[in-house]
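Overview (structure and organization)
Listed below are the residues making up each chain.
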Amino acid sequence: MNILFIGAHPDDCEVYGGGTAAHFSKLGHRVKFISVTNGDAGHHVMMGNELVDCRSKESIIASQVLGVSYEIMDNHDGLLEADLRNRSQIIRRIREWEADIVITHRPNDYHPDHRYTSQLVQDAAYMVMVPNIVQSVAPLRKNPLFLYFQDHFQKPYPFRPDIAVSIDETYEHKIRSLDAHSSQFYEWLPWIDGVLDQVPADQEGRINWLKGLWKNHPSDEVKKVLAHWYGAEHASNVQRAEAFEICEYGRKVSEEDIKELFPMLKNSKL
């Protein structure tokens, strides 16, 4: 299968789906991360081409850790718009990857780049099958399953998990992929959160810092979904998970379809 994660910034796909991506990769499927912006606003010291180059190098390391392809689009961080040009670019990339699954942000989010990335992917969800749109790339004959990353925002409605993946086997891969983005997790984000002085200097301390930030412990709601897919006994032992919500604009799927699309959902009771 061909799996496409589309985030707004370099590191978003790793944060919200790195463990699941590593699962797909380990099972032999083709996985690609796309960052719709180049991340050139995400630092308090570096800027411009220096920051773009830094984040590009970090993304290459992360891609190697997870076993995925990686593309960073040339849109400025913080200035993304859900316009026709960008929609065409997203349609093109979904078609070129011949995606079976596309995963992105939900449309209600604190960051405008996240919201507009979601809007662009939603707007592409039907158009990827329309031959007269973006005529230079053949349309897909089967619509992908479109999914949303998990988030904590409540309005206009909270995240509703439909699929939950145990990442106990790949959690260390996820943490190592976040560690690759040192400009973000050890510099920029701690600076903007006012905790830069708390970042450990040693590598082991930094890894533990990341594990404290990104625990991925399943909520009670996610535990119910894990039990649905893995069975209650298996799910009760899951320590780390990533969850996804189905976007109604893409492929309509049955539970059997989901089991085919997410083969890591082992020991399902269905």
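What you are looking at is a predicted structure, and each value in this text was computed from that prediction instead of being measured.

Cut-off values and rules
- Residues numbered from 1 in each chain as written.
- Predicted model: local features only at pLDDT ≥ 70, side-chain atom pairs only at ≥ 80, totals over all residues.
- Heavy atoms only, no water.
- Helix = DSSP H or I, 4+ residues; strand = E, 2+ residues; numbered from the N terminus.
- Expected span 1.5 Å × (residues − 1).
- Buried < 20%, exposed > 50% of the residue type's maximum accessible area, 1.4 Å probe, protein only.
- Contact = heavy atoms within 4.5 Å.
- Pairing = 2+ DSSP bridges.
- Axes fitted to C-alpha atoms, helices over the stretch in contact; angles between N-to-C directions.

**With respect to unusual backbone geometry**
- Going from K155 to P156, the amide bond is cis rather than trans, its omega being 0°.
- In this structure, V134 takes a positive phi of about 50° despite not being glycine.
- Positive phi values are uncommon outside glycine, yet N216 reaches one of about 55°.
- Mapped onto the fold, N216 is located in the loop between α7 (203-213) and α8 (220-230).

**Looking at helix α4 (residues 112-127)**
- The end-to-end C-alpha distance of α4 is 23 Å, a good match for the 22 Å that 16 residues give at a rise of 1.5 Å each.
- If you check which residues of α4 are buried, you get D113, H114, T117, S118, L120, V121, Q122, A124 and A125.
- Buried-residue contacts for α4 involve β1 (2-7), α1 (12-26), α3 (84-97), β4 (101-104) and β5 (145-149).

**Examining the sheet that holds strand β6 (residues 163-166)**
- With respect to topology, seven strands assemble into an open sheet ordered β3-β2-β1-β4-β5-β7-β6, the strand pairing being mixed. At either end of the open sheet lies a strand with only one pairing partner, and these are β3 (69-72) and β6. With strand direction ignored, the average angle separating the axes of adjacent strands in the sheet is 25°.
- Set on the sheet, α8 makes contact with β6 and β7 (241-246); between it and β6 the angle comes to about 80°.

**Here we look at the environment of A62**
- Examined against the element boundaries, A62 turns out to sit in helix α2 (residues 48-66).
- Residue classification places A62 among the buried positions, given a relative accessible area of 0%.
- The sequence separation of A62 and D151 amounts to 89 residues, and the corresponding C-alpha distance is 22 Å.
- With residues near it in sequence (within four places) discarded, A62 still touches E14, S177, A180 and H181.

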